[in-house]
Amino acid sequence: KAIVLANKENTPKNSRHPAEAIQAQIEFALASRNIKKSFTVAEAYTVMADCWDTCARAGLAIDYPALGPDLIRLALATGERSRAEQVSAAVSDVAAAQEVPSLAGAALRCRGLLTDDADLMLAAVDAYERSPRPLELALTREDTAAYCREHGLDWIEDASNADPVYARSRARAGLVPALRELHP
């Protein structure tokens, strides 16, 4: 299953598409595809691209940072590099318009995934560490670790990463594995 939430507070007041209508469009798009537990990469790309396009038509650019990293990963895996470049640029535009660490982290993460750049991924981790987004921080750390494994790079694991006192550690230890179990 795929879950996309439209946040009423992020919907422009003069929008012709209230959040409920956006959510209904997304739910219809997902239901019309007979959503199942497992997707091929191409199917997952199509669903994410449809969600992105729905947000774009509705003017919900604030949702780009949430969708961007996964859409970039899927676009690259399906050979849609130009789409990945467009998504990365759009997330960067959203981040540039705001001085919010989590948005900066999303933009850096998107560029790091697009360009396969460990330094950008580490900069994304740093940005998310300054934000109240433990799930995004955990996912970005996992992306960075995956990059290091793929490129044969060693890294030092900070002991605080496993300390349940920190929300990022709880997200990494409990929430991320549960999400992976639901959506392999």
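Residues numbered from 1 in each chain as written. Predicted model: local features only at pLDDT ≥ 70, side-chain atom pairs only at ≥ 80, totals over all residues. Heavy atoms only, no water.

Colleague: Mind laying out the side chain of Arg109, listing which residues take part and the relevant values?
Modeller: In this structure, Arg109 sits in helix α5 (residues 101-115). Here Asp143 takes part through its side chain, which lies 2.7 Å from a polar atom of the side chain of Arg109. Those residues within four positions of Arg109 in sequence are excluded, and the remaining contacts are Pro69, Arg73, Met121, Ala124, Tyr128, Leu139, Thr140 and Asp143. (Helix = DSSP H or I, 4+ residues; strand = E, 2+ residues; numbered from the N terminus. Polar contact = N/O pair within 3.5 Å; in protein donor to acceptor, adjacent residues only side chain to side chain. Contact = heavy atoms within 4.5 Å.)

Colleague: Pulling in residues and values, what's your account of the layout of surface pockets?
Modeller: Each pocket or cavity is described by its volume, and for the second largest pocket that value is around 350 Å³. Considering the residues around the second largest pocket, the lining is formed by 15 residues, among which Leu122, Arg141, Thr144, Trp155 and Ile156 are closest to the centre. At 5 residues, the largest contribution of residues to the lining of the second largest pocket is made by helix α7 (residues 134-150). Taken together, the residues of the lining of the second largest pocket sort by class into 7 nonpolar, 2 polar and 6 charged. (1 Å grid on protein atoms, 1.4 Å probe; cavity = no way out; pocket = protein on both sides within 12 Å on 5 of 7 lines; lining within 4 Å. Points joined across faces, edges and corners; volume = space filled by probe spheres on them. Nonpolar A, V, L, I, M, F, W, Y, C, P; charged D, E, K, R; others polar.)

Colleague: Lay out the environment of Val87 with the relevant residues and their values.
Modeller: If you trace the backbone, Val87 turns up in helix α4 (residues 81-96). We classify Val87 as buried; its relative accessible area is 1%. Residues Val87 and Pro69, spaced 18 residues apart in sequence, show a C-alpha to C-alpha distance of 8.5 Å. Beyond its immediate sequence surroundings of up to four residues, Val87 is in contact with Trp52, Gly68, Leu71 and Ile72. (Buried < 20%, exposed > 50% of the residue type's maximum accessible area, 1.4 Å probe, protein only.)

Colleague: Before we move on, could you go through the pattern of salt bridges and cite the residues and values that matter?
Modeller: Taken as a whole and assessed by the stated rule, the structure comprises 6 salt bridges. Note that Arg83 and Asp53 form a salt bridge whose closest N and O atoms lie 2.9 Å from each other. Placement of the pair is Arg83 in helix α4 and Asp53 in helix α2 (residues 41-58), with a sequence separation of 30 residues. Overall, the relative accessible area of 25% leaves Asp53 in the partly exposed class. The partner of Arg109 in a salt bridge is Asp143, and the shortest N-O contact between them spans 2.7 Å. (Salt bridge = Lys/Arg side-chain N within 4 Å of Asp/Glu carboxyl O.)

Colleague: Give a description of the confidence of the model for the protein that names residues and reports values.
Modeller: Considering every residue of the protein, the mean pLDDT works out to 78; 74% of them sit at 70 or more. The spread of mean pLDDT over the elements of the protein runs between helix α1 (residues 19-32), the lowest at 52, and α4, the highest at 96. (pLDDT = per-residue confidence, 0-100.)

Colleague: An account of α5 is needed here, citing residue identities and associated values.
Modeller: Here α5 contains 15 residues, and its C-alpha end-to-end distance of 21 Å stays within 8% of the 21 Å for a straight helix at 1.5 Å per residue. The element α5 is extensively covered by neighbouring structure, given that 11 of its 15 residues are classed as buried. Ser102, Leu103, Gly105, Ala106, Ala107, Leu108, Arg109, Cys110, Gly112, Leu113 and Leu114 are the residues of α5 that are buried. The secondary structure elements touched by the buried residues of α5 are α3 (64-77), α4, α6 (118-129) and α7. Backbone geometry just downstream of α5 places Asp116 in the positive-phi region, at approximately 55°. (Expected span 1.5 Å × (residues − 1).)

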